[in-house]
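# Overview (structure and organization)
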Amino acid sequence: MDNIPTAHFLILAAALLAIGMALVLVKKNAIMVLMGIELMLNAANINLVAFSRQDAHQLQGQLMAMFVLVVAAAEASIALAMVIKVFYHFKTLDLDELSELKG
Amino acid sequence: MNNLLFLLLSSVSIISALLVIFSKNPVYSVLFLVLTFFTLAGHFAIFLGAEFLAIVNIIVYAGAIMVLFLFVIMLLNLNKESEPTTPMLSKISAIVAGGLFLLVLFAALTNQINAPEALNSKAGDIGMVKKLGQVLFTEYLLPFEISSVLFLSAMVGAVMLGKKDLKQG
């Protein structure tokens, strides 16, 4: 079942990465921006797994995709804890208003 | 038949990813993102021979991370149409930027169309647990252990951040 060329997966991943970047840019809600980052990580995962077909012995791509998953899970938990903290402190999640660090 | 299935699955994933952007309610965005992750897991399992990764993708992304997002959205009571309206200019410029980014990626990938094909796509069990586990626990043992430390530190950090007030202990 796997005779789809690698290039097709690269194009799919490129589209998803662009959509994720647009999500990061368009939305003002911090949670939405985090979701855009998750989408971009997953788009990178497609590339890794698609390239992993070239390397059936070591499976380096799939292993790397798994470590990406691990990092994404850790990142999401920390980021959401920070989001809750920020919301209780500033009463908003609008990223344009959270400009305390701006000089 | 195979190409048709690929096309169907890819279009579902791209359309649902677009709907993540265009839906106003954050809860619907999360649900569409879950749909996107399901279709990506379908890609892994059906076309890429990575069955274990597909299952893990569903469990971790759709099952854990997205539920966490949904939980936070519900907790902070953002599940109404409370999206602050983005100015039209920044919306348009973000769409233009995303489109240009896609264009650049396409231009970079057009040389890749004639890439060498997968070497042994015959082996049906490349992505199964046995092979993956053998590689993971021999050559990638150190990164595996380090990722457990990463998880421990993430857990400690999340608990510390989530406490109501640090001063009261």
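A brief report on the enclosed structure follows. (Residues numbered from 1 in each chain as written. Chains lettered and ligands numbered in written order. Predicted model: local features only at pLDDT ≥ 70, side-chain atom pairs only at ≥ 80, totals over all residues. Heavy atoms only, no water.)

## Describing the nonpolar core
Ranked by size, the top nonpolar core spans 65 residues in total, and within it A:Leu63 and B:Phe69 carry the most contacts. Contributing elements (two or more residues each) for this core: helix 1 (6-26), helix 2 (30-52) and helix 3 (60-90) of chain A together with helix 1 (2-22), helix 2 (26-46), helix 3 (51-75) and helix 5 (129-138) of chain B. With 12 residues, helix 3 of chain A is the largest single contributor of residues to this core. Sequence-distant contacts of A:Leu63, that is, excluding residues within four places in its chain, are made with A:Gln58, B:Leu132, B:Val135, B:Leu136 and B:Tyr140. (Core = buried A, V, L, I, M, F, W, Y, C linked by side-chain atoms within 4.5 Å. Buried < 20%, exposed > 50% of the residue type's maximum accessible area, 1.4 Å probe, protein only. Helix = DSSP H or I, 4+ residues; strand = E, 2+ residues; numbered from the N terminus. Contact = heavy atoms within 4.5 Å.)

## Description of the packing of aromatic side chains
Inspection of every chain in the model, using the stated rule, returns 7 aromatic pairs over all chains. With centroids separated by 5.1 Å and ring planes inclined at 75°, the aromatic side chains of A:Phe9 and B:Phe6 adopt a geometry described as edge-to-face. Here B:Phe6 lies in helix 1 and A:Phe9 lies in helix 1, a pairing that spans two chains. Each of the two residues, A:Phe9 as well as B:Phe6, counts as buried. Three or more aromatic residues link up through ring pairs in this structure, and these residues are A:Phe9, B:Phe6 and B:Phe47. (Phe/Tyr/Trp six-rings, centres within 6.5 Å; stacked < 30°, edge-to-face > 60°.)

## Overview of the interface of chain B and chain A
Each partner contributes to the interface: chain B provides 81 residues, whereas chain A provides 69 residues. The junction of chain B with chain A conceals about 7100 Å² of combined surface from both sides, 77% of it contributed by carbon and sulfur atoms. Taken together, the connections running from chain B to chain A amount to 0 salt bridges. At the boundary of chain B with chain A, the tally comes to 3 residue pairs in polar contact (both at pLDDT 80 or more). For the side of chain B that touches chain A, the elements supplying multiple residues, two or more each, are helix 1, helix 2, helix 3, helix 4 (88-109), helix 5 and helix 6 (141-162) of chain B. The element that contributes the greatest number of residues to the side of chain B that touches chain A is helix 3 of chain B, accounting for 12 residues. Looking at the side of chain B that touches chain A, its residues break down into 55 nonpolar, 19 polar and 7 charged. (Buried area = accessible area lost by both parts, 1.4 Å probe. Salt bridge = Lys/Arg side-chain N within 4 Å of Asp/Glu carboxyl O. Polar contact = N/O pair within 3.5 Å; in protein donor to acceptor, adjacent residues only side chain to side chain. Nonpolar A, V, L, I, M, F, W, Y, C, P; charged D, E, K, R; others polar.)

## With respect to the side chain of B:Ser29
Turning to its location among the elements, B:Ser29 is positioned in helix 2. The exposure class assigned to B:Ser29 is buried, which follows from its relative accessible area of 0%. A polar contact of 3.0 Å, which involves the side chain of B:Ser29, links it to the backbone oxygen of B:Val20. When sequence neighbours within four positions are dropped, the list of residues in contact with B:Ser29 reads A:Met32, A:Met35, B:Val20 and B:Ser23.

## Things to note about a nonpolar patch on the surface
A contiguous nonpolar surface patch, about 510 Å² in accessible area, is contributed by B:Met88, B:Ile92, B:Val96, B:Leu100 and B:Leu103. Mapped onto the elements, B:Leu100 comes out in helix 4. (Patch = residues over 30% accessible without salt bridge, like charges linked within 9 Å, V, L, I, M, F, W, Y side chains within 5 Å. Areas by Shrake-Rupley, 256 points an atom, 1.4 Å probe, with all protein chains shown as cover.)

## Comments concerning the environment of A:Leu16
Tracing the sequence through the fold places A:Leu16 in helix 1. Taking the C-alpha atoms as reference, A:Leu16 lies 26 Å from A:Met82; in sequence the two are 66 residues apart.

## Quick word on the packing of helix 1 of chain B against helix 2 of chain B
Residue and element names in this part refer to chain B. Taken N-terminus to C-terminus, the directions of helix 1 and helix 2 make an angle of 155°; their axes are 8 Å apart at the nearest point. The angle between helix 1 and helix 2 falls in the class roughly antiparallel. Remark: the crossing between helix 1 and helix 2 carries left-handed chirality. Where helix 1 abuts helix 2, its residues Leu5, Phe6, Leu9, Ser10, Val12, Ser13, Ser16, Ala17, Leu19 and Val20 lie against Ser29, Phe32, Leu33, Leu35, Thr36, Thr39, Leu40, Gly42, His43 and Ile46. Classifying every residue of the contact of helix 1 with helix 2 by side-chain character gives 12 nonpolar, 8 polar and no charged. (Axes fitted to C-alpha atoms, helices over the stretch in contact; angles between N-to-C directions. Parallel < 35°, antiparallel > 145°, perpendicular 65-115°, else oblique. Left-handed = near helix turned anticlockwise from the far one by under 90°.)

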